[in-house]
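Notes for the structure review
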Amino acid sequence: METNLRLESSLWVDNKRCRAVLTGWHFNWSELDKNNHDKKTISVPVAEVVGVEEGRVEILPQKSVEDTDKDFTVFYVKRSSGGGSYGLLWRLGQTQFSCLSRVLRDQWTKHLRAALKTHCPLRPHRLLVFINPFGGKKKGRGIYHSLVSPLFELAGISSHVIVTERANQARDHLLKKDLTGIDGVVCVGGDGMFSEILHGLIGRTQQEAGLCENDPTVTLHPCPLHIGIIPAGSTDCVCFATVGVIDPVTSALHIIIGDSQPLDVCSVHQASALVRYSVSLLGYGFYGDVLAESEKHRWMGPLRYDYSGTVVYLNNRSYGGIVQYLPADPVLSSPRDRTRCLAGCSVCSRSTERLFPHSADSSSLHSSHYSQFNNDSEGEWVSVEGRFRCVSLTCMSSSCPKSPLGLSPSAHLADGTGDLILVWDTHPLGFLKYLYRHTSSQDQFDLPFVEVHRVKAVRFSLPPGKEEESFDEIGGQNDVVDDEETGYIETASRTGSQLHLADADLTKRQKTANPFLCCTGCSKAPAVSVWNCDGEILPFTEILCRIHGQLVRLYARGMEDGAAMQDYVEENDKHERISYIKSLT
């Protein structure tokens, strides 16, 4: 098939004559003045053309077709500000063109579709879609059928849709069912639904590769299928951190054009068993207490997190612990370098070459990744001990609408590392300042009681003498949650979505009253906290975490910088004008 498809002719847009040019990589049209000179040029990369239809066609909010012999409609990605510092809303742009003849119309539609096939070979053709009908405001089905499904149909994507009826149904389906012919998996829901997809795909990939997920020294095999996220949950942090906005149409368009964003994943182990995977927040202390407290107030909806955060802050707790971490190479990047991981991030691109130096060969891909991981394991661990307000590990910035820069603003999505944040015990006003800085542009790490380290692995353990006490307190926590989880909810059951429980005898121990659901005047502070793992409570305190570089891929491209994108568009238009002038001479 030709790679340099070219077509040029006069077309009419809104009864105005235009010069239209298809160069293969770009489709341009320019309104002409009376002297036949270009007045304004619109340039659309072929990679961002969604579809081409004969006639005068509307897709959203409702499809309508006016079948005319000489007209065709081109649908493409159109950007607008997302209202924040980073992230752009994508909208379905459309332009209706009129031709002098039906033959010319057919020529244009044929060439445009051929250009899509030639230059967009990685676009998905068949998707498996899971919809959580209970997540967020219970609008998942409506969002998919009214906003997403028409776009998939326009792009020629066939979808097999499953509306889930129970927790972990999506995970179990991915682990057991035949996925032949599927190009990617899409979840319509929140972070809990994404976690199900993540665990299902990673688990299946390791099964097929013959790898043991329970062994923390094993390097996991990258997943071949992409994951798409249509945000429709109570929390959509993963979508926000990888796209920059929480918008179903934007996410659907990223899926359609086949964007690919690698993502690091943290595996969490306890007692030689895999507990969970994490991509955003793994937090002990404050963030664990907030999640545990919020379980008592599910009736409040998303407001329960704000309320629980206030209660936990007023409790003014800190916890003893021993943190050991394996530092990443400081030459490659630093959590204090004030850079942002945006679309086309150079740090993540260099990490791809470092993690997968022979990615063209699938067998060498795994072996090179394996040797690199083993070399990491031979590094020198650093150990610190003391009392902490919170201990956090994140594989991304963990930005969200309330915290646009996130827990670690300079964290990267796909550099094979995580950022370990240690907040030592301090007075309440100091900790409040730390929390407040997450909502502003101030550096939350520029405080004397805060440390941040870029790491490849982390161990957390309790000081001597605290281990036995932790079993009773955490056991009590699990009892309360299990009794309350009676329906299918966005985050699923606290233990049902875990792959393994490292200590099977834990549930048989004598349980005590839940220490985390106490009031602010509680006379006895708990000796241990719990881990908040992407919105799930872990029933263990002592854990080992490993960062697996670029283990999964999302249909995304990272946050787009609005100013940089405008520069790109202007430079692209300039290049196209120069190419056109050269073609005339």
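The structure displayed is predicted, hence computed values, not measured ones.

Along the protein chain, the regular secondary structure elements total 13 helices and 23 strands. Counting over 585 residues, the protein chain shows a buried share of 58%.

One pass over the structure, following the stated rule, counts 24 salt bridges. R113 is the salt-bridge partner of E54, the closest N and O atoms lying 3.0 Å from each other. With E54 in strand β5 (residues 49–54) and R113 in helix α1 (residues 102–119), this residue pair connects regions lying 59 residues apart in the sequence. Overall, R113 belongs to the partly exposed group, its relative accessible area being 31%. The salt bridge partner of R336 is D443, with a shortest N-O separation of 2.8 Å. Of this pair, R336 sits in the loop between β17 (319–327) and α9 (346–355) while D443 sits in the loop between α11 (428–437) and β20 (450–461); the two residues are 107 residues apart in sequence, bridging distant segments of the chain. What you see here is one network of salt bridges that share partners, running through E48, R79, D259, R557 and E560.

Here we come to the pairing of strand β2 (residues 16–22). Counting buried positions along β2 gives 5 out of 7 residues, so the element sits mostly inside the fold. In this structure, strand β1 (residues 7–13) lies alongside β2, joined through 7 bridges in antiparallel fashion. Across the sheet, residue E8 finds its bridge partner in β2, namely V21. Where β2 and strand β3 (residues 26–32) come together, 5 bridges link them in antiparallel fashion. Note that in β3 the partner of L22 across the bridge is F27. Where β2 folds back on β3, the antiparallel hairpin that results is connected by 3 residues, among which G24 adopts a positive phi of roughly 110°.

Attention now moves to the nonpolar core. Counting 47 residues, the largest nonpolar core has L282, F286, V323, V391, L393, L420 and Y434 as the members making the most contacts within it. Membership of the second largest hydrophobic core comes to 42 residues, among which are I202, V243, C341 and V552.

Definitions and cut-offs
Residues numbered from 1 in each chain as written. Predicted model: local features only at pLDDT ≥ 70, side-chain atom pairs only at ≥ 80, totals over all residues. Heavy atoms only, no water. Helix = DSSP H or I, 4+ residues; strand = E, 2+ residues; numbered from the N terminus. Buried < 20%, exposed > 50% of the residue type's maximum accessible area, 1.4 Å probe, protein only. Salt bridge = Lys/Arg side-chain N within 4 Å of Asp/Glu carboxyl O. Pairing = 2+ DSSP bridges. Core = buried A, V, L, I, M, F, W, Y, C linked by side-chain atoms within 4.5 Å.

Read these as spatial facts, not as claims about activity.
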